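Listed below are the residues making up each chain.
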Amino acid sequence: MLDDLPVSEYAFPGPLRDQLIAAIRAGEKTTTTSLLLDYERENDPLPSVGDRAVVIDSEGEPIGIEEIVHVRRARLAEVDLPHAIAEGEGFTTVAEWREGHEGFWHGTEYRASIEDPSFTVDDDTLAVLVRFRFEPI
């Protein structure tokens, strides 16, 4: 059954992914944010309600299955507090959420992954906001 599902990866393998996986397992992380650019660069379809995927940890081991329950596109300036809190990273304001995510998107690892060493986001950058349900395996 797991072999039939696509893989869902959070951040890059390492400490941030480990933190996010722990938050997912604890039920604290029920939303995530990606840039629309990521889907366009990979020519991947946007997630849809009902999509299921195998979530993997930093070692590439499956830890559970996520099911998408809500998807919306939004400008970064439109991300709201409920979404930011449900990311499960301890954010208590949208400004904290934004700072944390900009740190990721402006980091060398992300910039290298999109082959743009000067990449930046702004209020008008389009994001894909996803709410999911998680079932451990």
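Look a little higher up for the structure.
### So, the nonpolar core
Counting residues in hydrophobic clusters, the biggest one holds 14 residues, and the most contacted among them are Leu35, Leu76, Trp97, Trp105, Tyr110, Phe119 and Val121. When contributions to this core are tallied by element, the ones reaching two or more residues are α4 (94-105) and β5 (126-136). In this view, Leu35 contacts Trp105, Tyr110, Phe119, Val121, Thr125, Leu126 and Ala127; residues no more than four positions away in its chain are not counted. Judged by nonpolar contacts, the second largest core, of 13 residues, contains Leu36, Val55, Ile68 and Phe132.

### Points about the pairing of β5
For strand β2 (residues 31-35) and β5, the ladder comprises five bridges, and the chain directions are antiparallel. Each residue of the ladder has a partner; that of Leu35, found in β5, is Ala127. Two strands pair when backbone bridges link them, and strand β4 (residues 62-75) and β5 are joined in this way by eleven bridges, in the antiparallel orientation. By the bridge assignment, Ile68 is partnered in β5 with Phe132.

### Structural notes on the environment of Leu2
Secondary-structure assignment places Leu2 in the segment before β1 (7-8). Spatially, the C-alpha atom of Leu2 lies 6.7 Å from that of Val54, the residues being 52 residues apart in sequence.

### What to know about the sheet that holds β2
Across the sheet, which stays open at both edges, the five strands sit in the order β1-β3-β4-β5-β2 with mixed pairing between neighbours. Each having just a single partner strand, β1 and β2 make up the two edges of the open sheet.

### Here we look at the packing of aromatic side chains
Overall, the coordinates contain five aromatic pairs when judged by the stated rule. Ring geometry for Phe104 versus Tyr110: centroids 5.6 Å apart, planes at 50 degrees, classification tilted. Each member of the aromatic cluster is reached from another via a ring pair, and the members are Phe12, Phe104, Tyr110 and Phe119.

### Details of the pattern of salt bridges
One pass over the structure, following the stated rule, counts seven salt bridges. A salt bridge links Asp80 to Arg72, with the nearest nitrogen and oxygen atoms 3.4 Å apart. A relative accessible area of 27% means that Arg72 is categorised as partly exposed. Across the salt bridge formed by Arg98 and Glu102, the nearest N and O atoms sit 2.6 Å from each other. Taken together, the positions of Arg98 and Glu102, both in helix α4 and four residues apart, correspond to about one turn of that helix. In this structure Arg98 comes out as buried when scored by relative accessible area, which is 16%. You can call Glu102 partly exposed: its relative accessible area is 22%. Overlapping salt bridges bring together Arg75, Glu78 and Asp124 as one network.

### Topic: the environment of Thr108
Residue placement: Thr108 occurs in helix α5 (residues 108-113). Looking at Thr108, the relative accessible area reads 71%, which means it is exposed. As for Thr108 and Phe119, which are separated by eleven residues in sequence, their C-alpha atoms are 9.6 Å apart.

### Concerning the pairing of strand β3 (residues 52-56)
Burial of β3 is extensive: four of the five residues sit out of reach of the surface. Relative to β3, β1 runs parallel, the two being bridged by two bridges. Looking at the pairing, Ser8 lines up with Val55 of β3. Judged from the five bridges that link them, β3 and β4 form a sheet pairing that is antiparallel. Its bridge partner lying in β4, Val54 is registered against Ile65. Once β3 ends, the chain turns through five residues before running back antiparallel as β4, passing Gly60 with a positive phi of about 85 degrees.

Criteria and thresholds
- Think of each chain on its own: its residues are numbered from 1, step by step along the sequence as written.
- In keeping with the predicted nature of the model, local features appear solely for residues at pLDDT of at least 70, side-chain atom pairs appear and are counted solely at 80 or more, and the whole-chain, interface and lining totals rest on all residues.
- Side-chain numbers here rest on the full set of heavy atoms in the structure, without hydrogens or water.
- Within this scheme, the nonpolar core is defined by two criteria: the residues are buried Ala, Val, Leu, Ile, Met, Phe, Trp, Tyr or Cys, and they are joined through side-chain atoms within 4.5 Å.
- Only protein chains enter the accessibility calculation, which uses a 1.4 Å probe. A residue is then buried if its area is under 20% of the maximum for its type, exposed if over 50%, and partly exposed in between.
- Under the scheme used here, helices are H or I runs from DSSP no shorter than 4 residues and strands are E runs no shorter than 2 residues, and both carry numbers assigned from the N terminus.
- Residue contacts follow a heavy-atom distance rule, with two residues in contact if any of their heavy atoms lie within 4.5 Å.
- Strand pairing is assigned whenever DSSP identifies at least 2 bridges connecting the two strands.
- Each aromatic pair joins two rings of Phe, Tyr and Trp (for Trp, the six-membered one) with centres within 6.5 Å, and gets the label stacked for planes under 30 degrees apart, edge-to-face for over 60, and tilted for any other angle.
- Within this document, salt bridges are pairs made up of a side-chain nitrogen of Lys or Arg and a carboxyl oxygen of Asp or Glu, the two lying within 4 Å of each other.

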